[in-house]
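Summary of the model geometry
These are the residues of each chain, in order.
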Amino acid sequence: HPEVYKLQMPASPHLAAKNEGIRIDIEKIKTTLGTLISGNQYLVIEGAGGLMVPLNEQEFMLDLIHQLGAPLILVSQNYLGSINHSLLSAAICKQKNIAVLGWIFNGEPVGYEAEIAAWSGYPILGCIPKFDSIDKASVSTHAAYIRDELMKHLRH
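Here's what I pulled together on the structure shown here. Everything numeric here is computed off the predicted structure, so don't read it as measured data.

With respect to unusual backbone geometry
It is generally the case that most residues other than glycine have a negative phi and that most peptide bonds are trans. A positive phi angle is found at Asn-97, which is not glycine, with a value near 55°. Note on placement: Asn-97 falls in the loop between helix 4 (82-95) and strand 2 (100-106). Given a relative accessible area of 69%, Asn-97 falls into the exposed group.

What follows is the structure, given as structure tokens:
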């Protein structure tokens, strides 16, 4: 599906949009997604940059998720500081009553993924290692690893 906004600058959505002279409008995104959702049983919507990344001068990615009412999959990359960042994301989801399906961890496992899941109360849906190359075949292969666990949570 085509992007509602496809920005060129590798920056926060609000900065990239401002650089291109546009303003990201959550209503426009909702309208476009409404037509896509009607024809799809499941639709994955990829966010950009994290929950508290601004989309415009007033709204954040978290506001878009809340307005869409979409269940969220939290993604955590393994790096120094990721426990803190992951648990802060989980905490704001609970504070804002965002439905969270669980965690997908990126990168090589480091041993604390189960602890993040336990501390947050959200299950692990899967782990995806760093890809040597990103192409349709590698994405399909790794998606197959998490499919069953993800579908189990989507059916609830």
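Considerations on the nonpolar core
In this structure, Leu-51, Leu-72, Leu-74, Cys-93 and Trp-103 are the most contacted members of the largest nonpolar core, which totals 26 residues. Elements with a minimum of two residues in this core: helix 2 (26-38), helix 3 (61-68), strand 1 (72-77), helix 4, strand 2 and helix 5 (113-120). Grouped together as the second largest cluster of nonpolar side chains are 6 residues, Leu-101, Leu-125, Ile-128 and Ile-146 included.

Some remarks on the pairing of strand 2
Buried residues dominate strand 2, accounting for 6 of its 7 residues. Sheet topology places strand 1 next to strand 2; 6 bridges connect them, and they run parallel. Within the sheet, the bridge partner assigned to Val-75 lies in strand 2 and is Ile-104. Taken together, strand 1, helix 4 and strand 2 constitute a β-α-β crossover, and its handedness is right-handed. Pairing of strand 2 with strand 3 (residues 124-128) involves 4 bridges; the strand directions are parallel.

Considerations on the sheet that holds strand 3
Across the sheet, which stays open at both edges, the 3 strands sit in the order 1-2-3 with parallel pairing between neighbours. Only two strands of the sheet have a single partner each, and these edge strands are strand 1 and strand 3. Here the average twist between neighbouring strands, direction ignored, is 20°.

Some details on the environment of Val-100
Looking at where Val-100 falls in the secondary structure, it is placed in strand 2. Note on Val-100: relative accessible area 15%, which makes it buried. Separated by 30 residues in sequence, Val-100 and Ala-70 place their C-alpha atoms 9.0 Å apart.

The rules behind these values
Residues numbered from 1 in each chain as written. Predicted model: local features only at pLDDT ≥ 70, side-chain atom pairs only at ≥ 80, totals over all residues. Heavy atoms only, no water. Helix = DSSP H or I, 4+ residues; strand = E, 2+ residues; numbered from the N terminus. Buried < 20%, exposed > 50% of the residue type's maximum accessible area, 1.4 Å probe, protein only. Core = buried A, V, L, I, M, F, W, Y, C linked by side-chain atoms within 4.5 Å. Pairing = 2+ DSSP bridges. Right-handed = clockwise from strand over helix to strand, strands pointing away. Axes fitted to C-alpha atoms, helices over the stretch in contact; angles between N-to-C directions.

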